[in-house]
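# Breakdown of the fold
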Amino acid sequence: MKFALIGNPSVGKSLIFNQLTGLGVEVSNYPGTTVELQRGNTCFQREIVELVDLPGVYSLEGNSDEEGLVRRFLEQQDVDAVIVVTNVTRLERNLYLLLQVAEYGLPMVVVLNMIDEAAKRGLEVDPGPIHDLLGVEVIQTAASQGKNIDRIIPAALAASSPSVVEIPYDHHIEAAVRSLGKMFGADRKESVRALLGFGENPELIEAARTISDEIESRHRMTVAQIIAANRHNFAHEIADLTVKEELNLPQTDPDSILTRLIPGMPILIGILIGMLLFVFIAGSFLEEIIVEFFDVFAIQPFVALGLPPLVETLGTSVLIALQAGLGIAFPYVFLFYIIISILEDSGYMTRAAFLADNAMHRVGMHGGAVIPFTLAFGCNVPAIMSIRLLRSRRERIIASFLVTMVPCSARTVIIAGIVASFVGIAAAFSVYAIVFLLILITGLVLSRVTPGERFGMIMEMVPLRWPDPKLVMKKSWARLSEFLFIAMPLLLAGSIVLGLLEFFGVMAYFEGLVEPYTMALLGLPGYAATALIFGILRKEMAFETLAILAGTADLGAVLSSLQLYVFAIVTVLFVPCLATITVLLREVGSRITLAITAYTVALGLLVGGLIHYLLS
Ligand SMILES: Nc1nc2c(ncn2[C@@H]2O[C@H](COP(=O)(O)OP(=O)(O)OP(=O)(O)O)[C@@H](O)[C@H]2O)c(=O)[nH]1
Ligand SMILES: [Mg+2]
C-alpha cells in the first residue's frame, strides 16, 4: 500500500509524515520547506505502508518545479490513495487545490489540520459538507499535538473509490465536456484536464484544443481562467459551509506592524543585528571555553607524551582540526540554528522576506533569500544548505555566489583580530564596506547575466505563533549534525594532508617558490601564502597560522599596517573554506562551485593587489 500527502505549503504535511514514519523530515513554518519527494514507511496492523511527502503547492496547473513534480506524480497514478492535508483556518484556498486533486480520480482522504488554531480563533468546523459533497472521509487533526493523526492511515486504507465531486462549470465548459465524452468516451475529469492541455491521449487533447480556441474567441477569458474561476467559486461555497465564525474575537493584527515599511523595517534590522550580536557574544564566550578545554586537556597532554615527530605532527594537526571544528560548530552554528529555527517557526521569516523583497529583486533574488543571507553571517555552511528554499535554479546560483562572500563569524575573527587590533577600527569597518560593495556589484552583474526565468514572489503569510521548543531543538540538532558529518571529516582529512606537507618540508619549499609572486603582487612574505592556504581549512586558521609562522602574536611588529590590511582583505575574499566548498558541491554542483572558487580567488588577489598598488 502506498499513500501520498498532498497540500498547500506549510499546512503540516511534513509534520504528519514525521509522526507517521518516525523520520526526521524538516518541518518549518515557512512555505516551501519540502522541495523534493520524501519517502518513508509506517506499519499498520502488520502491514507495511509506504508514505510519500510531496512539496506544498497551491495549484497543479502552474509551471514551477514543484507543481510539475506533484502533477507528474499524480499522473502516474502509482498510489493507492492520496491524503490531502489542508489548513482549516485557510480552507478556501486549500480546497482549490483539493478540487484539482479530486479530478485525478484517485481514492482520497481529507485531513483538516490545525484544528487547534481554528478553535483559538473561534472558528466552528463542520466536516459534514465536505464529506457529503466529495464522498470522502474527512479527519480533523492538530498535528502539532498529535491529535487524530492515528486515524489517517486506517482511513486511507479504507478509501477505495475516488471522490464523487462534480464541480459545476460554466455552460460552455459543460457542453465541451459532453461532446468530448461523446467523441472519445472520456469521463468528465479526463475531459476537463484535456481542455486544460493535460492528459495522455493526444487526439483527445487536440480535439479539446479546437474547442477551447472556439470558447476563447467568444469569451474574453481563456478556458483555464474560466475553469479556475469556477473552481474558486465552488471552493468558496464549500468553505463557507464548513467553517463558521463562532464568535467575533477582537483581534489586533500584528501584521499591520510587522509588514509595513515603518516600523517593520527598523524591527527587522533590529532583530537581525540583535541576533548577530547575541551569537557573537555568546558564541565567542562558548568558543573560548571549548578551545581552552582542548588546549589544556588534549593538545598539551598529547605534546607532552613526546611521541616520534611524525606522529606528533599528525596527531596535533588532527586535534587542532577537531578543536577548530567543534569550536565553531557548537557555539556559532548551533546557536544560529536555534535562533533561525525560532524565527522560522514563529512565522516571522515570511514577514522578513516580504519586507526584503524589493531590495532583493535588484540583485536577482526575491525576499526568500533573507534566510540564507542572515545565516551566512554566522556560518556559510548552513546558509548554503538553506538556499534550497529558493524557488528557481537561477536564484540558487546567484545566492550561492553572494552567500559565500558574506563575512561569516570566522572571517569576522580575522577582521577583528588583524585589522581592528593592529591597523584600527575605521580600517576594520572599511573591510566590511569593501566586501558589501563587492557583494552588491556581483549581485547586480549576476542578475543580468544568469540565465533562467525570473519569478515574482507569491509567498503565503503563515500565521504567527509561539514556536514549540521541542520542535526547534529537534530541527536545530538535525541541521547541526548535518554540518558535523559534512564538515568535520573534511577538516580532519585536510589537516592530516597539511600536517604531512609541513612535516616533509613541502611547505617551506612552496613558500620559497611563491615568495617572489606574493611580494610583487601583494607585498606579502611567502609564509603569508601558507597562512592563506591554511585559511581554506577554516578561515580564522589563516590568522593563527600567520602568527605561528611569523613567530609572534604581535603581528604589528613584523608586518606593516598595509601588509596586514591586504592580508585580511585577501583572506576574507579568497576561496570559501573547505566545508563551504563541500556543501556547495552538493547544492549547486561542481561547475558552479568551481566558478565560485575561481571568482573569489581572482577577486581576493585583484582587490588585495589593487590596494597594495594604490597605497604603497
Ligand atoms: N498550531 C498548529 N501548528 C501546526 C499544526 N500542524 C503543523 N503545524 C506547524 O505548521 C508549520 C508547517 O508544518 P510543515 O509540516 O513543515 O508543513 P508542510 O506542509 O510540510 O510545508 P511545506 O513543506 O512547505 O509544503 C510548522 O511550524 C508546524 O509546526 C497543527 O495542527 N497546529
Ligand atoms: Mg514539508
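As annotated in an unreviewed UniProt entry, the protein is Ferrous iron transport protein B from Methanoculleus formosensis. Regarding the protein, the UniProt comment filed under Subcellular location (unreviewed entry) reads as follows: "Cell membrane".

### Focus: the overall build of the protein
Helix and strand counts for the protein stand at 27 helices and 8 strands. Residues classed as buried in the protein amount to 43% of the 616 residues present. At a minimum sequence separation of 6, the contacts of the protein that also span at least 24 residues come to 72%.

### Notes on the environment of tyrosine 348
Secondary-structure assignment places tyrosine 348 in helix 14 (residues 348-362). For tyrosine 348, a count of 21 C-beta atoms within 10 Å translates into the label buried. Separated by 117 residues in sequence, tyrosine 348 and arginine 465 place their C-alpha atoms 9.0 Å apart.

### Describing helix 9 (residues 202-218)
Its 17 residues place the ends of helix 9 25 Å apart at the C-alpha level, agreeing with the 24 Å of an ideal helix rising 1.5 Å per residue. Those residues of helix 9 that sit buried are Leu204, Ala207, Ala208, Ile211 and Ser212. For helix 9, the arc enclosing every buried residue in end-on projection is 140 degrees, short of the 170-degree limit, so these residues lie on one face. Looking at helix 9, the residues exposed on the side facing more than 90 degrees away from the buried face are Pro202, Glu203, Glu206, Thr210, Asp213 and Ser217. If you follow the buried residues of helix 9, they end up packed against helix 7 (171-184), helix 8 (188-195) and helix 10 (223-242).

### Quick look at unusual backbone geometry
Located in the positive-phi region is serine 10, a residue other than glycine, with phi close to 60 degrees. Considering the arrangement of structural elements, one finds serine 10 in the loop between strand 1 (2-7) and helix 1 (13-21). Note on serine 10: 26 C-beta atoms within 10 Å, which makes it buried.

### Details of the sheet that holds strand 3 (residues 47-53)
Across the sheet, which stays open at both edges, the 6 strands sit in the order 2-3-1-4-5-7 with mixed pairing between neighbours. At either end of the open sheet lies a strand with only one pairing partner, and these are strand 2 (38-44) and strand 7 (137-140). Neighbouring strand axes in the sheet, compared pairwise and without regard to direction, differ in orientation by 25 degrees on average. Here strand 5 (residues 108-113) pairs with strand 7 via 4 bridges, running parallel. Residue leucine 112 lies in a different strand from strand 7, and its bridge partner there is glutamine 140.

### Let's talk about the packing of helix 21 (residues 506-522) against helix 22 (residues 526-537)
For any two helices packed against each other, one specifies the inter-axial angle together with the distance between the axes. Running from N to C, helix 21 and helix 22 cross one another at 110 degrees; their axes reach a closest spacing of 7 Å. On the basis of their axis angle, the class for helix 21 and helix 22 is roughly perpendicular. The hand of the helix 21/helix 22 crossing is right-handed. Note on element contacts: helix 22 touches helix 21 through Gly526, Tyr527, Ala528, Ala529 and Thr530, opposite Met507, Glu511, Gly512, Val514, Glu515 and Thr518. Among the residues making up the contact of helix 21 with helix 22, the classes are represented as 5 nonpolar, 4 polar and 2 charged.

### Quick word on the nonpolar core
Core analysis: the largest hydrophobic core is formed by 94 residues, its most contacted members being Phe336, Val403, Val419, Phe567 and Ala568. Looking at this core element by element, the count peaks at 13 residues for helix 13 (residues 309-345). Setting aside residues up to four positions removed in sequence, valine 403 forms contacts with Pro372, Phe373, Ala376, Asn380, Ala383, Ile384 and Ile387. Core analysis: the next-biggest nonpolar cluster, separate from the first, contains 57 residues, Ile6, Leu106, Ile152 and Ala239 among them.

Conventions and cut-offs
Residues numbered from 1 in each chain as written. Chains lettered and ligands numbered in written order. Predicted model: local features only at pLDDT ≥ 70, side-chain atom pairs only at ≥ 80, totals over all residues. UniProt positions renumbered as here; feature names shortened; annotations may be inferred. Helix = DSSP H or I, 4+ residues; strand = E, 2+ residues; numbered from the N terminus. Buried ≥ 20, exposed ≤ 12 C-beta atoms within 10 Å, placed from the backbone. Contact = placed C-beta atoms within 7 Å. Expected span 1.5 Å × (residues − 1). Arc of directions from axis to C-beta. Pairing = 2+ DSSP bridges. Axes fitted to C-alpha atoms, helices over the stretch in contact; angles between N-to-C directions. Parallel < 35°, antiparallel > 145°, perpendicular 65-115°, else oblique. Left-handed = near helix turned anticlockwise from the far one by under 90°. Nonpolar A, V, L, I, M, F, W, Y, C, P; charged D, E, K, R; others polar. Core = buried A, V, L, I, M, F, W, Y, C linked by C-beta atoms within 7 Å.

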